[in-house]
Structure formats: C-alpha cells, structure tokens
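Each chain, written out:
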Amino acid sequence: AMSEAQRIARREETEANRLVELTLPGVSAVRSELRTLFDALKAKAEEASQILKGPGVTCSAPFDQHLSYATIGRGNTVILVQWLQDYVNDVQEPHAILLVREQYRHVPLPHPGAWETLRDRRYAFDFLHPFGWVWQEDGGPPIKSVDLADALMTRLLRLSEERERE
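Procedures and definitions
Residues numbered from 1 in each chain as written. Predicted model: local features only at pLDDT ≥ 70, side-chain atom pairs only at ≥ 80, totals over all residues. Heavy atoms only, no water. Helix = DSSP H or I, 4+ residues; strand = E, 2+ residues; numbered from the N terminus. Buried < 20%, exposed > 50% of the residue type's maximum accessible area, 1.4 Å probe, protein only. Contact = heavy atoms within 4.5 Å. Areas by Shrake-Rupley, 256 points an atom, 1.4 Å probe, with all protein chains shown as cover. Lys, Arg positive; Asp, Glu negative; His and termini not counted. Charge placed at Lys NZ, Arg CZ, Asp CG, Glu CD. Pairing = 2+ DSSP bridges. Axes fitted to C-alpha atoms, helices over the stretch in contact; angles between N-to-C directions. Expected span 1.5 Å × (residues − 1). Arc of directions from axis to C-beta. Phe/Tyr/Trp six-rings, centres within 6.5 Å; stacked < 30°, edge-to-face > 60°. Core = buried A, V, L, I, M, F, W, Y, C linked by side-chain atoms within 4.5 Å.

1. With respect to the overall build of the chain
Looking only at helices and strands, one finds three helices and six strands in the chain. Helices and strands appear in the chain in the N-to-C order α-α-β-β-β-β-β-β-α. In the chain, which comprises 166 residues, the proportion classed as buried is 36%. Counted over contacts in the chain with a minimum sequence separation of 6, partners at least 24 positions apart contribute 47%. Of the roughly 10000 Å² of accessible surface on the chain, 52% is carried by carbon and sulfur atoms. Counting 20 positive and 25 negative side-chain charges, the chain places the centres of these two groups 4 Å from one another.

Put into structure tokens, the structure is as follows:
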C-alpha cells in the first residue's frame, strides 16, 4: 500500500505535470482545440442549414493568431464563442477562458446594435486524465471540443425556436 507521503507526492507530481501542460504545450494545444471546435461548428452549421426548412444557420470563424472567435446564428439569435487569453504563455484560468455568449437581436431595431445578452458561460481549458484536453464550465463535466460544438448547436436551435415563438 502507498503511504500518505507517497500519495501526496503523487498528487503534487500530477498537479505539477498539469501546470507544465498548461504553459507552452497548452498554448499550442489550445490553438489546435479552438480549430477543432470552430471547424466542428462550421460543419454543424452547414449540416443544419441543409435540413432546416426555415432560416439556415450561419457560422463565421475568422481564425488567426489574433482573432480567436466564432459566431453561430439563426434568425435573430446568435452564440458568440470567444477565446480570451491575457498572457501569451498561459492558458490557465483566470488568465484564459472560453466565453460563450448567447445573444438576441431585437427587431425592429430601436437603434443599431440592440443586442440583448441572454446568458454568458465561461469554460476553462484543462488537461485531464484520461480525457486529454477538455473545456470545463465551473462545476460542470469536462467536455471535448467536438461535443461542445454539438451542445452549442443544439442550444442555438432551441433558443432560436423559443424566440421565434415569443
């Protein structure tokens, strides 16, 4: 059996490894996971637009070193997905988060840009055994990029449907 000291040492080593992962490897991993997430959102938007009878789903994801965001929208409902990172070499929260903002555009517009924010959600980027790289909302289960794209698309379609009925 492992002694308490060995257990603590193992826990400390695991945590140290996780923190190393969140520095330089984390920076390249986050670029790659964002690309996976945004590509999956694009694919899901195209797929949904082919199936839906009403308005299609739009997706815009300009991707370069500086623009780490994507938007998906249907009708007047939009979900903005934005990676916010304070330091070049640090992808740990609170210095780095994935902001998911659900918005609704009121029509007719009383003035340009009459957007109502329905909800903000924040996801941390983390390295978890045995999943690998994941997104994690505070207190929520870890979620892979492709599954997050799926969940966001489902959320968009539900929101836009609810809003059109109001």
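Still to come is the rest of the account.
2. Quick notes on the pairing of strand S3 (residues 77–85)
Two strands pair when backbone bridges link them, and strand S2 (residues 69–74) and S3 are joined in this way by six bridges, in the antiparallel orientation. What sits directly across from Arg74, in S3, is Thr77. Here S2 folds back onto S3, and the loop between the two strands holds two residues, one of which, Gly75, carries a positive phi near 60 degrees. As paired elements, S3 and strand S4 (residues 96–105) share nine bridges and run antiparallel to each other. Across the sheet, the residue bridging to Ile79 is Glu102, located in S4.

3. A look at the sheet that holds S3
Spatially, the six strands line up as an open sheet ordered S1-S2-S3-S4-S5-S6, and their pairing is antiparallel. On the outer flanks of this sheet lie strand S1 (58–60) and strand S6 (132–137), each paired with one strand and no other. Taking each pair of neighbouring strands and ignoring which way they run, the sheet shows an average axis angle of 20 degrees. Here helix H3 (residues 145–165) sits on the sheet and contacts S2, S3, S4, strand S5 (115–128) and S6; the angle it forms with S3, its principal contact strand, is near 145 degrees.

4. Looking at the side chain of Asn76
Mapped onto the fold, Asn76 is located in the loop between S2 and S3. Classification of Asn76 by relative accessible area gives buried; the value is 17%. Sequence-distant contacts of Asn76, defined by excluding residues within four places in its chain, comprise Gln103, Tyr104, Arg105, Val107, Trp115 and Glu164.

5. Some details on the environment of Glu137
For Glu137, the location among the structural elements is in strand S6. Under the relative-accessibility criterion, Glu137 is labelled partly exposed at 24%. Excluding its chain neighbours within four sequence positions, the residues that come into contact with Glu137 are Arg121, Arg122 and Tyr123.

6. Thoughts on H3
With 21 residues, H3 extends 31 Å from end C-alpha to end C-alpha; this agrees with the ideal 30 Å at 1.5 Å per step. Buried within H3 we find Ser145, Leu148, Ala149, Leu152, Met153, Leu156, Leu159, Ser160 and Arg163. Within H3, the buried residues cover an arc of 135 degrees as seen down the axis, which keeps them to one side. Projecting away from the buried face of H3 at angles above 90 degrees are the exposed residues Arg158 and Arg165. Buried residues belonging to H3 abut helix H2 (24–51), S2, S3, S4, S5 and S6.

7. Here's the deal with the packing of aromatic side chains
Taken as a whole and judged by the stated rule, the model has five aromatic pairs. Considering the side-chain rings of Phe125 and Trp133, the 4.7 Å spacing of their centres and the 5 degrees angle between planes classify their relative orientation as stacked. Residues Phe125 and Trp133 agree in their burial class; the two are buried. Between Phe125 and Trp135, the aromatic rings sit 4.9 Å apart at their centres with planes inclined by 50 degrees, giving tilted as the arrangement.

8. Let's talk about the nonpolar core
In globular proteins that are soluble, nonpolar side chains generally tend to be buried together. In this structure, Val81, Trp83, Leu98 and Trp135 are the most contacted members of the largest nonpolar core, which totals 31 residues. Of all the elements in the fold, those that place two or more residues in this core are H2, S2, S3, S4, S5, S6 and H3. Counting residues per element, this core draws most heavily on H2, which supplies 10 residues. Excluding residues that lie within four positions of it along the chain, Trp83 makes contacts with Val30, Leu34, Ser68, Val91, Ala96, Ile97, Leu98, Phe125 and Trp135.

Remember, this is a structural readout, not a statement about activity or role.
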